[in-house]
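Okay, here's what each chain looks like letter by letter:
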Amino acid sequence: MADPIALPPTGPGAPTPPIEIRGGAAGASAHLGEMVPVPDPVIDRLRKTGAGVSTDHAVRAEASRDWWPGAMIWATEGEVPGLAGVVVSPTDAEQVAAVLRLCNAARVPVTAAGGRSGVCGASVPAFGGVVLDTTALAGVVSIDEESMILDVAPGTFGDHLEAELRAKGLTVGHWPQSVALSTVGGWVACRGAGQLSNKYGKIEDMVVGLDVVLADGSAITTGGGPRSAVGPDLTQVFVGSEGTLGIITGVRLRLHPAPQAQRHAAYGFDSFAAANEACRRIVQRGLPPAVLRVYDAIEADRSYQTGDRAVLLVMDEGDPIVVDAAMAITEEVCAGAEALDVDLVDRWLAHRNEVSALEALIAKGYVVDTMEISAPWSRLEDIYTATTGALRAVPGTLAASAHQSHAYSDGACLYFTFAAKVDEDGEGTAARDRTYAQLWDVGQRAVLAAGGTLSHHHGVGLNRSRFTAEALGASHAVLQSVKDALDPNGILNPGKLGLRSPFGEVAYP
Ligand SMILES: Cc1cc2nc3c(=O)[nH]c(=O)nc-3n(C[C@H](O)[C@H](O)[C@H](O)COP(=O)(O)OP(=O)(O)OC[C@H]3O[C@@H](n4cnc5c(N)ncnc54)[C@H](O)[C@@H]3O)c2cc1C
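In this numbering scheme, every chain counts its residues from 1 along its sequence in written order. Reporting of local features is limited, given that this is a predicted model, to residues whose pLDDT is at least 70; pairs of side-chain atoms are given and counted only at 80 or more, and all residues count toward the totals for whole chains, interfaces and linings. Water and hydrogen atoms were dropped before computing side-chain values, which therefore reflect all heavy atoms in the structure.

Caption draft 1: Representation of the nonpolar core. Each nonpolar core is a collection of buried residues, namely Ala, Val, Leu, Ile, Met, Phe, Trp, Tyr and Cys, held together in the definition by side-chain atoms within 4.5 Å. Between buried and exposed lies partly exposed: a residue is buried under 20% and exposed over 50% of the maximum accessible area for its type, with that area taken using a 1.4 Å probe on protein chains only. Counting residues in each nonpolar core, the largest one holds 74 residues, and the members touching the most others are Tyr267, Phe269, Leu312, Cys334, Ile383, Leu414 and Phe416. By definition, residues are in contact when any of their heavy atoms lie within 4.5 Å. Ignoring anything within four residues of it in the chain, the contact list for Ile383 reads Ile373, Ala375, Thr388, Leu414, Phe416, Val447, Ala450, Gly451 and Gly452. Grouped together as the second largest cluster of nonpolar side chains are 43 residues, Met148, Trp175, Val212 and Val345 included.

Following this line, the structure appears as structure tokens:
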């Protein structure tokens, strides 16, 4: 058993998104219009659960927003997307169950919020109600060092977790760029990916079991045995469910020994397609390095001043024998490419968790965002060409580029970045809002038409909710049936994943 790490103070523990709310959080209003009120008697009973409860306007406003760039535009006008009526911060699973029982009976929406680092508006309470802040449910519960399984509370922030594990010579290996902003529960709920995913997998490969409280307050545990064959894997029902099917109160993850060796390489290619082809061949040899990042010439030159070349950055870590073998395969596959200075990898490592670039541009009035998708290798180049072309055709667009940063034997993730500047014509943020929505419309539809998926790791949230039924086709009805079975009153994170909401349609876009 490990000692639990110190619990953060009760109350919204997530860092504040970087763009300040104009005029201050205490005066913020809801961009999405009418919110569902939380009746006073319900608030009184929420207090009696023992969970922290806040009705302070500024606390509610900050807890009602995340890092979604679309909503950051609204913050510059003094608005948050939705506005919770109350913020509730439970400290154990029993309090979570009591809160859900109350809200289910009173038909009050409940939206889970962890680090609130989501970039699609997943944790914003689209209809108000309760924001259930998970950050006081924090700490390592236990470590089984023989089976290499970690049991951890969902509100634990990634940097705290890795610091504690490294002190014991262990790692989970999940390193999203937002590692210090995001929680374990948020990783699971969004099907997240870390920067070293080629070696350690995405979060769905790491999770072996969950504790979940359902909308009616009943608690279940999933998983328990390695690769068990007792019906479908119910853990995966909740991985990626974005708070719509239950509240995750416990997470079991696979552990690895902390890495003993690290090696780097960098290569230049004539085209993005040639660099991706090398990446595909490396991965399909069966022992990929932890990091294989392919930048198109625009992004490579922007970050590494490499002119018109596409760039592949390689980093591996782990057991020295395995690392040497993975790097030998990489060298063999890249023998015909231009060997670049390995300092490029050091530069990437030094800046890989910086999070300020987009926000600085939004503050200056630009429309800017990123869009990550995945596709089979055979569709990747067509999607890259069609999507960057569609984004550039939107009036006002200044740039559209991509890199590829998570690779599998069957395909990879493309991560697009786009920026536009629009003439506001005295309309406030309305012109920026329109361009923002249009960029997402043309970008996502170009991806879907060319055979890609809607998202690889940022998830759906509010921003992508309108595309979900289109992306899932007939299986979206199955997702709706699961929702209806687990949350018949529709209280959990309404307005997301394109699911029906008893509180009406979300007024977005
Ligand atoms: C600068 C920056 C870089 C990023 N880089 C990456 C990256 O490299 N890889 C990546 O995958 N993502 C990345 N993200 C996106 C974001 O960090 C991830 O989606 C992360 O997993 C969200 O975790 P969170 O704790 O902040 O969740 P939140 O934003 O608080 O919530 C996200 C969703 O999860 C639900 N949720 C949260 N906790 C629970 C729970 N206990 N039970 C049920 N539902 C819950 C919420 O309701 C919401 O729907 C980045 C974000 C930023 C701002």
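From this point, things continue past the structure.
Caption draft 2: Main features of the packing of helix 1 (residues 40-47) against helix 4 (residues 93-106). Fitted lines through C-alpha atoms serve as axes, helices being fitted only where they are in contact, and the angles separating the N-to-C directions of these axes extend from 0 to 180 degrees. Elements are defined by DSSP. Helices are runs of H or I of four residues or more, strands are runs of E of two residues or more, and each kind is numbered from the N terminus. One can describe the packing of helix 1 onto helix 4 by two numbers: an axis separation of 10 Å at closest approach and a directional angle of 165°. Comparing their axes, helix 4 and helix 1 come out roughly antiparallel. Between helix 1 and helix 4 lies a crossing of right-handed hand. Between helix 1, through Val42, Arg45 and Leu46, and helix 4, the contact on the second element is made entirely by Val99, Leu102, Cys103 and Ala106. For this scheme, ten residues count as nonpolar: Ala, Val, Leu, Ile, Met, Phe, Trp, Tyr, Cys and Pro. Four count as charged, namely Asp, Glu, Lys and Arg, and the remainder, Gly too, count as polar. Partitioned by chemical class, the residues of the contact of helix 1 with helix 4 number 6 nonpolar, no polar and 1 charged. Angular relationships are summarised with four words: roughly parallel below 35 degrees, roughly antiparallel beyond 145, roughly perpendicular across 65 to 115, and oblique for the angles in between. Should the near helix be turned anticlockwise from the far one by less than a right angle, the crossing is termed left-handed; should it be turned clockwise, right-handed.

Caption draft 3: Region of interest: the site of the ligand. We define proximity as follows: a residue is near a molecule or strand when any one of its heavy atoms falls within 4 Å of that partner. In the vicinity of the ligand lie 35 residues, with Ala112, Gly114, Ser117, Ser178 and Thr183 positioned nearest. We call two N or O atoms a polar contact when they sit within 3.5 Å, provided that within protein one can donate a hydrogen and the other can accept it, with sequence-adjacent residues counted only if both atoms are side-chain atoms. At a separation of 3.3 Å, an oxygen atom of the ligand approaches a polar backbone atom of Ala122. In this structure, Ile248 approaches the ligand through a main-chain N or O atom, which is 2.9 Å from a nitrogen atom. Mapped by element, the contributors of at least two residues to the shell around the ligand are strand 5 (110-113), helix 6 (184-190) and strand 12 (247-254). Top element by residues in the shell around the ligand is helix 6. It accounts for 5 residues. The residues that make up the shell around the ligand include at least three from each of domain 1 (25-135) and domain 2 (140-257). Residue ranges for the domains originate in an automatic or database domain assignment.

Caption draft 4: Molecular detail of helix 18 (residues 475-486). Helix span, as expected, comes to 1.5 Å for every residue beyond the first. Between its first and last C-alpha atoms helix 18 spans 17 Å; for 12 residues at 1.5 Å apiece the expected length is 16 Å, and the two agree. Burial in helix 18 covers these residues: His476, Gln480 and Lys483. An end-on view of helix 18 places all buried positions within 60° of arc, on one side of the element. The exposed set on the far side of helix 18, more than 90 degrees from its buried face, consists of Val478 and Ala485. The inward-facing, buried residues of helix 18 abut helix 17 (468-472). Throughout, the arc means that of the directions going from the helix axis to the C-beta atoms.

Caption draft 5: Expanded view of the domain arrangement of the protein. Splitting the protein by domain gives domain 1 (25-135), domain 2 (140-257), domain 3 (261-348) and domain 4 (356-460). The distance between the C-alpha centroids of domain 1 and domain 4 comes to 29 Å. Each side of the interface is counted separately: domain 1 has 12 residues, and domain 4 has 11 residues. In this description, buried area is defined as the sum, over both parts, of the accessible area (probe of 1.4 Å) that is lost when the two are combined. Interface of domain 1 and domain 4: buried area, both sides summed, is about 1100 Å²; carbon and sulfur atoms make up 69% of it. On the domain 1 side of the interface with domain 4, the three residues burying the most area are Pro69, Ile73 and Cys120, jointly 47% of the side's total.

Caption draft 6: Layout of the pattern of salt bridges. By convention in these notes, a salt bridge is any Lys or Arg side-chain nitrogen within 4 Å of a carboxyl oxygen on Asp or Glu. Across all of its chains, the model carries 20 salt bridges by this definition. Between Arg445 and Glu470 there is a salt bridge whose closest N-O contact spans 2.9 Å. Taken together, the residues Arg445 in helix 16 (residues 430-449) and Glu470 in helix 17 connect sequence positions 25 residues apart. You can call Arg445 partly exposed: its relative accessible area is 36%. In this structure Glu470 comes out as partly exposed when scored by relative accessible area, which is 43%. The shortest N-O distance in the salt bridge between Arg500 and Asp484 comes to 3.2 Å. Residue Arg500 is located in the segment after helix 18, and its partner Asp484 is located in helix 18; the two are separated by 16 residues in the primary sequence. Judged by relative accessible area, which is 58%, Arg500 ranks as exposed. One continuous salt-bridge network, built from bridges that share partners, spans Asp441, Arg445, Arg466 and Glu470.

Caption draft 7: Broad picture of the sheet that holds strand 6 (residues 130-133). Pairing is mixed in the open sheet, where 4 strands are placed in the order 2-4-6-5. On the outer flanks of this sheet lie strand 2 (52-54) and strand 5, each paired with one strand and no other. Neighbour-to-neighbour, the strand axes of the sheet open up by a mean angle of 25°, direction not taken into account. Strands were regarded as paired on the criterion that DSSP finds at least two bridges between them. In the sheet, strand 5 pairs with strand 6 via 4 bridges, with the strands oriented parallel. Considered in strand 6, the bridge of Thr111 is made with Val131. Along the sheet, helix 1 contacts strand 2, strand 4 (86-89) and strand 6; its crossing angle with strand 2, the most-contacted strand, is approximately 150°. Strand contacts of helix 4: strand 4, strand 5 and strand 6, with the helix running at about 170° to strand 6, the strand carrying the most contacts.

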